[in-house]
Structures are given as structure tokens and as C-alpha cells.
Amino acid sequence: MSPGVLLLALLLSHPDLDEGRVAFSSMKYRAAVPLLTRVTQDPAAAEAEVQEALTLLARAHLALKAPDATQAAFEALLRRAPMTEEPAGSPALRAAFAQAKAAVFPPGTVRLLRRASGEDTLLVEVINPWRLTLVATWHQVEPAPSARVLVADGRQLVTSLAAGVAGYLELTKDGQVVAALGSRAEPLKGPPAPAAVDVPKVETPTLTPVATAPPPAVTPPPAPAAPQLGRRIAGWTLIGLGVAGTATGLGVFAWGSDEKSRGEGWVLSGLDYFEAQRLIASGSSKITSGLIVGGVAITSLAIGIILLLTE
């Protein structure tokens, strides 16, 4: 995502969500509920907006002494985002979240979902709501049995599937299998192995060599120098993107730092607790986004300079 698109996504959001945030921050919870509910029912709303609306909706219902509605909002959130962290807040809020998680995912639940990828790659999403310590192992059954421990990349597992390879994936806890994808009887398969082609043997007649004078040596012309124009354009383009991205990343980082600072000093700023928590979460997200954009931009700037210096 380009720096400009990322900044635009941070600035724009669903109008009902904006109004819902304001009503929630003003502790007008009854007014916030219908606004936030409309966001959760709007098919055009972004996934991040729906998840934020469900979180605020759960908090609003809790403030209105509606525990069943609070749990229902948290259950809807967990169905969309199973790995959602426990929210910060009162013991009652955390208890409602825990009850919702237990209702959607019984304790110890682990699920594996295969995601779309190339034929030679196995990409698996790991749903582990209870944060169990797991060991992932790829068991190859063809062409030769073997086992290999995989390293999880965040909440995903990735392994290559060479041509002709078949096997299955297991997740274990303390030596007990808690989830699997494929099995020894029905393994997952990589691309088919290339078929062997029999080339018919052709008898070559024996020829009597005829002495001929060797051809005169010809010195090949020197190869033309490769044009450097494309390299120069790419270098200046990367430098321009790097400068713009760095400025954008710094802006978003400063914005997030300000929100987080106001949220952490909510007592002195005259904010209520829930608004302070929202500011802290929003500020942290913007700080992370700013660092990511800035890091990508600096990398682009460095690559552009290297291209120009080495042309």
C-alpha cells in the first residue's frame, strides 16, 4: 500500500462510526448503540470498521447493564476476528469477553484453515484463540517418509510442496495432536511429478569426414553498452517515493503519538476512561502504521540512491 493510500485510509471512516465514536465518548450510550449497529450491518463497511464498531457496541451495552447484548457483540467480533486480544477495561468487561470466547471457541480450540496459494506452496491460517503453545510438524509420506518442524510466521504456517510430494500437517500440544490438515490416508499433494518421456533411439549413419580448410577467424563486434536510462529513472522514482513516504510516515507517527499521549494523560485532559482507551488504541495503531510507512520509504530511498551510484 502506498503512503498516500495508507494516510487516506486513516483519515476516512464510516460516517455512522464517526458519530458512534462521538456518542460513546460523550457517554451517550443509548444514542451510540443504533449508530454502531448500522456499521456492523453495512456490507460496504470495511472489516476494520466493523470490528471497531462491535468492540464499542459491546462496551456500550455493558454500560447500559445489558450483559447478554454485550456477550453477543463480543461473539460477533470473535467470529470475524478469532485472534482478537482481551480488551483492556473493567473485570466485568473482561469477564464478558471470556464468556463470549468460550461460547464461540470452547477452551483448547485450535483450527487450521488452508488459504489460497500457489500449487507448490501450502499456506495455512492458524486459529488459536486461547494462545496455546503449539508445535507444528509437516509429515511427508511421498516420495520418502520424513518429518519437519515448521516455524509459524505470525498466525500463519507456510511450507513448500515440491513436485510429487505428499504429506500432512499436525499441531501438537505436549505431544498430543490438537489439529491437523490432511492425513496419512488422505495427504495433501504438491504439483504432479513430471512424466518420464521415452526417446526412441535413432541409428546415426557413419559418415566419412571430409577435410576442409578451417573458416577464417572472425572477431565478434563488441557488445553495445546496455542503456542506463531505465536504471536512472527507476533510481529517481524510488528516491521521490522514499522522500514522500518518509514525510507521510513521520506525520502519521506524530499524530498517533499525540493521541496516545492524550489518552494516557486522560485524567489531566478531562477525558473519560473509555475515550482514553480508544485514544490509546488508535494512537498505537497510527504509531505502528507510521513506523511501517517510514521504514518502507527509507528502504525505497536507499535503493534509489544505490541505483544511481552504481549505474
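For the structure, check the block above.
Bear in mind that the values here come from a model prediction, so they are computed numbers and not experimental data.

Within the structure shown, the criterion is met by two aromatic pairs. Ring centres of Phe24 and Tyr29 lie 5.4 Å apart, and the angle between their planes is 65°; this geometry places the pair in the edge-to-face category. Each member of the pair, Phe24 as well as Tyr29, is classed as buried. Between Phe74 and Phe97, the ring centres sit 5.2 Å apart and the planes meet at 90°, which makes this aromatic pair edge-to-face. In this pair, Phe74 sits in helix H5 (residues 67-80) while Phe97 sits in helix H6 (residues 91-104), placing the two residues 23 residues apart along the sequence. For the pair Phe74 and Phe97, a shared accessibility class is recorded, and that class is buried. Residue placement shows Lys101 over the ring face of Trp130; its charged tip is 4.4 Å from the ring centre.

Helix length check: H6 (14 residues) gives 20 Å between terminal C-alpha atoms against 20 Å at 1.5 Å per residue, within 8%. For H6, the complete set of buried residues consists of Leu93, Ala96, Phe97, Ala100, Lys101 and Val104. All buried residues of H6 lie within an arc of 135° about the axis, which places them on one face of the element. Where H6 is buried, its residues touch helix H4 (47-63), H5 and strand E1 (111-115).

Our focus in this paragraph is the environment of Ser261. Relative to the helices and strands, Ser261 is located in helix H7 (residues 229-264). By relative accessible area, Ser261 is classed as partly exposed at 48%. Sequence separation between Ser261 and Gly283 is 22 residues; the distance between their C-alpha atoms is 8.2 Å.

A separate point is the nonpolar core. Core analysis: the biggest nonpolar cluster contains 27 residues, and Leu17, Phe24, Leu36 and Phe74 have the highest contact counts within it. Among the secondary structure elements, those contributing two or more residues to this core are helix H2 (15-25), helix H3 (29-41), H4, H5 and H6. When residues no more than four places from it in sequence are discounted, the contact partners of Phe24 are Tyr29, Ala32, Leu56, Arg59, Ala60 and Phe274. Within the second largest apolar cluster, 17 residues are counted, among which are Val126, Leu150, Ala179 and Leu188.

For the structure shown, the criterion picks out eight salt bridges. The salt bridge partner of Arg80 is Glu47, with a shortest N-O separation of 2.7 Å. Taken together, the residues span a long stretch of sequence, with Arg80 in helix H5 and Glu47 in helix H4 at a distance of 33 residues. Its relative accessible area of 41% is what places Arg80 among the partly exposed residues. Using a relative accessible area of 36% as the deciding quantity, one classes Glu47 as partly exposed.

All right, on to the packing of H5 against H6 then. It is at 8 Å that the axes of H5 and H6 come closest, and there the two elements cross at 55°. As far as their axial angle goes, H6 and H5 are oblique. Crossing of H5 over H6 shows right-handed handedness. Residue-level inspection shows Thr70, Gln71, Phe74, Glu75, Leu78 and Arg79 of H5 in contact with H6, the latter providing Leu93, Ala96, Phe97, Gln99, Ala100, Lys101, Ala103 and Val104. Partitioned by chemical class, the residues of the contact of H5 with H6 number eight nonpolar, three polar and three charged.

Another aspect to go through is H4. With 17 residues, H4 ought to run about 24 Å at 1.5 Å a step, and its terminal C-alpha atoms sit 25 Å apart, in line with that. Considered for burial, the residues of H4 that qualify are Glu49, Val50, Ala53, Leu54, Leu56, Leu57, Ala58, Arg59, Ala60 and His61. On its buried face, H4 is in contact with H2, H3, H5, H6 and helix H9 (273-309). With its phi angle positive at about 60°, Lys65 sits one or two positions after the end of H4.

Summarising the element assignment, His61 is placed in helix H4. If near-sequence neighbours (up to four positions away) are discounted, His61 is found in contact with Val33, Ala66, Ala69 and Thr70.

A few words now on the pairing of strand E7 (residues 176-181). Bridge count between strand E6 (residues 166-173) and E7: five bridges; the pairing is antiparallel. Paired with Glu170 across the bridge in E7 is Ala180. In this antiparallel pair of consecutive strands, E6 and E7, the connection spans two residues, and Asp174 shows a positive phi of 55°.

A sheet is described by the order of its strands in space; here three strands give the open sequence E1-E2-E5, paired in antiparallel fashion. Of all the strands in the sheet, the pair left with one neighbour each is E1 and strand E5 (156-160). In this sheet, neighbouring strand axes are inclined to one another by 25° on average, regardless of whether the strands run parallel or antiparallel. In terms of strand pairing, E1 meets strand E2 (residues 121-127) through five bridges, oriented antiparallel.

Quick notes on the rules
Residues numbered from 1 in each chain as written. Predicted model: local features only at pLDDT ≥ 70, side-chain atom pairs only at ≥ 80, totals over all residues. Heavy atoms only, no water. Phe/Tyr/Trp six-rings, centres within 6.5 Å; stacked < 30°, edge-to-face > 60°. Buried < 20%, exposed > 50% of the residue type's maximum accessible area, 1.4 Å probe, protein only. Helix = DSSP H or I, 4+ residues; strand = E, 2+ residues; numbered from the N terminus. Lys NZ or Arg CZ within 6 Å of the ring centre and 35° of its normal. Expected span 1.5 Å × (residues − 1). Arc of directions from axis to C-beta. Contact = heavy atoms within 4.5 Å. Core = buried A, V, L, I, M, F, W, Y, C linked by side-chain atoms within 4.5 Å. Salt bridge = Lys/Arg side-chain N within 4 Å of Asp/Glu carboxyl O. Axes fitted to C-alpha atoms, helices over the stretch in contact; angles between N-to-C directions. Parallel < 35°, antiparallel > 145°, perpendicular 65-115°, else oblique. Left-handed = near helix turned anticlockwise from the far one by under 90°. Nonpolar A, V, L, I, M, F, W, Y, C, P; charged D, E, K, R; others polar. Pairing = 2+ DSSP bridges.

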